[in-house]
Amino acid sequence: MRAHCAAIAKEEAVLREGGGKAGHERQRKMGRLPVRERLSLLLDKNSPFFEIGLWAAYKMYEQWGKIPAAGVVAGIGNVEGVPCMIIANDATVKAGAFFPQTTKKVIHAQRIAFECSLPIVYLVDSAGVFLPMQDEIFPDEDDFGRIFRNNSVISAAGIPQFAAIMGNCVAGGAYLPVLCDKILMTKGSGLYLAGPSLVKAAIGQIVDAEELGGAQMHAEISGTVDFYEKDDPSCLKRLRSLIALLPEAKEPEASRVPKETAKPAKNPDGIYDLISFDGQKQYDVRDLLATVVDANSGDEYKADYGKTIVTAYAHIGGRPVGIVANQRLQVRTKKEGIQMGGVIYSDSADKAARFVMDCNQTSLPIIFFQDVTGFMVGRDAEESGIIRSGAKLVNAVSNSVVPKITVVVGGSFGAGNYAMCGKAYDPRFIVAWPTARYAVMGAAQASDTVFAILARARERGDKKATHDELEELRAKVKQSYEEQTDIRYGAAHGWVDAIIQPHETRNILAQVLPYVSRPTPKGQFHTGVIQV
């Protein structure tokens with residue numbers, strides 16, 4: 001398990017290089033900084049940066065080459081002491097062009113910023129939509145246009161948005177900065193609805209890029225740009241000074257960043273000995289929680305009932321939370337007898353639903369620790385009302401209004417993913433360990449199910465196939481499932497925000513809990529800031 005986690009960390013280091021040495025050299029030749037150097041100048045020194053979507057687009061568009069992090073860096077970091085959502089194009093990756101997963105990543109980052117009431121900083125350096133895939137990027141409700149819709153709604157909610165144009169900003173993408181509160185633009189950058197070539201083709205006008213949409217033109221003639229900057233460092237310095245004007249920046253640091261004095265009961269490094277790489281080893285989830293929550297802060301709720309889910313009140317870094325976690329030990333109950341770890345039974349679903357309701361009653365954020373194989377099946381389970389109990393838990397999680405955070409530590413299978421606050425149930429953040437696995441069912445069960453269906457079809461004469469052909473198909477289905485359950489596949493598709501190292505779980509949760517605890521903006525009709 002340690003080796004696998006180290007290998008994942010090594011892969012992430014490569015992803016952070018973006019387009020690599022050649023791409024970085026191209027940026028410098030144009031007098032521009034690579035995206036992560038921009039971030040280092042923008043963010044407060046020695047403050048953590050919680051990156052989301054680093055694995056976005058991983059191995060998804062191989063016919064077009066590698067698209068590290070979907071060509072955009074997104075995450076939360078402090079600027080002048082103010083936590084901000086940063087969304088920055090990486091021009092070393094296909095000139096910062098938007099692929100389908102790029103768009104989804106930006107929209108997701110906007111949603112997190114809205115729900116956590118975080119100011120947004122856009123560092124714009126993009127060639128716009130990747131034209132060969134325009135049909136998958138342009139038209140739908142979760143595609144390119146949704147970004148600009150979100151700009152407008154976020155502004156109307158009173159959440160500050162800053163845009164710094166530090167390279168190309170063309171076509172429909174030009175709406176993003178103009179829908180923000182403040183616009184900065186560096187010398188040599190371009191902002192226009194149509195570039196010189198398209199203008200010539202459309203209306204026959206010959207005009208160079210600087211005259212058409214350069215920073216000086218927009219600063220002096222169109223009036224679109226608020227701040228004209230000579231280069232990247234001066235632009236980022238100006239951004240920091242503008243963010244320093246926000247009311248939040250004036251708060252005493254002591255009130256913004258609570259100092260953590262509490263420690264966990266157990267060393268977080270012990271996680272690697274607790275849980276096996278293949279997920280087959282039984283473990284007591286209370287031992288896992290002891291590496292995450294503050295020592296002596298846990299109060300387990302209904303400890304002797306519904307034992308395959310552990311529910312507890314606790315503190316992490318001094319912040320109160322509710323915890324819902326799958327128990328991976330085999331347990332014994334007086335009513336049901338032996339119950340398998342990682343399985344949700346009727347009593348555990350009832351308990352968890354009641355606990356979620358109680359956390360909402362007292363406004364406690366809820367953290368879900370997923371290592372679930374699904375709900376119990378079979379005659380006894382159906383007679384116990386497992387569907388009814390499962391629906392109760394899904395209903396409670398669906399209607400929960402307190403912030404939710406999900407940590408996938410092992411399996412996340414079937415309806416267990418739903419009940420334990422999977423992606424579809426709006427967790428503010430969802431992170432996963434390198435050993436996590438996502439699927440509707442396990443690879444072995446899936447291949448066996450497909451094999452049984454096809455075998456019956458052969459017996460009926462619907463499809464003639466030899467036993468060897470069916471076995472080959474079973475092996476093929478299993479291999480496909482195993483590839484898709486790899487958490488990197490899920491992260492590439494945006495199903496998790498980040499793959500985290502297991503021993504960093506407590507630190508990550510302590511980092512994001514202040515973000516989710518910020519008051520959510522209330523919607524009302526007004527237009528926010530419109531450029532005039």
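Going by the structure above, here's the rest.
Residues numbered from 1 in each chain as written. Predicted model: local features only at pLDDT ≥ 70, side-chain atom pairs only at ≥ 80, totals over all residues. Heavy atoms only, no water.

Caption draft 1: Spatial organisation of the overall build of the chain. Secondary structure assignment for the chain yields 21 helices and 20 strands. By the compact-globule yardstick of 24 Å for 532 residues, the chain fits well, its C-alpha radius of gyration being 25 Å. For the chain, the C-alpha atoms occupy an extent of roughly 80 × 65 × 45 Å along the three principal directions. Relative to its 532 residues, the chain shows a buried fraction of 54%. A separation of at least 24 residues holds for 74% of the contacts in the chain among residues at least 6 apart in sequence. Both charge centroids of the chain, one from 61 positive and one from 61 negative side chains, sit 2 Å from each other. (Helix = DSSP H or I, 4+ residues; strand = E, 2+ residues; numbered from the N terminus. Rg over C-alpha atoms; globule rule 2.2 N^0.38 Å. Buried < 20%, exposed > 50% of the residue type's maximum accessible area, 1.4 Å probe, protein only. Contact = heavy atoms within 4.5 Å. Lys, Arg positive; Asp, Glu negative; His and termini not counted. Charge placed at Lys NZ, Arg CZ, Asp CG, Glu CD.)

Caption draft 2: Examining the pattern of salt bridges more closely. This structure, assessed with the given rule, holds 27 salt bridges. Among the salt bridges present, the one from Glu51 reaches Arg36, with a minimum N-O distance of 2.8 Å. On the criterion of sequence distance, the pair formed by Glu51 in strand β1 (residues 50–52) and Arg36 in helix α3 (residues 35–42) is long-range, its members being 15 residues apart. Of the charged contacts, one joins Arg38 and Asp125 as a salt bridge, the two residues approaching to 3.2 Å between their closest N and O atoms. Here Arg38 is found in helix α3, whereas its partner Asp125 is found in strand β4 (residues 120–126), with 87 residues between them in sequence. (Salt bridge = Lys/Arg side-chain N within 4 Å of Asp/Glu carboxyl O.)

Caption draft 3: Main features of the nonpolar core. Grouped together as the largest cluster of nonpolar side chains are 79 residues, with contacts concentrated most on Met85, Leu288, Phe369, Phe429 and Trp433. If near-sequence neighbours (up to four positions away) are discounted, Met85 is found in contact with Ile52, Gly75, Ile76, Ala109, Ile112, Ala113, Leu118, Pro119, Ile120 and Val121. (Core = buried A, V, L, I, M, F, W, Y, C linked by side-chain atoms within 4.5 Å.)

Caption draft 4: Structural detail: the packing of helix α4 (residues 100–115) against helix α5 (residues 144–156). Running from amino to carboxyl end, α4 crosses α5 at an angle of 15°, the nearest separation of the two axes being 9 Å. Looking at the two axes, α4 sits roughly parallel to α5. Seen from above, α4 lies across α5 with left-handed handedness. Contact with α4, carried on its side by Thr103, Val106, Ile107, Gln110 and Phe114, involves Phe144, Arg146, Ile147, Asn150, Asn151, Val153 and Ile154 of α5 and no other residues of that element. (Axes fitted to C-alpha atoms, helices over the stretch in contact; angles between N-to-C directions. Parallel < 35°, antiparallel > 145°, perpendicular 65-115°, else oblique. Left-handed = near helix turned anticlockwise from the far one by under 90°.)

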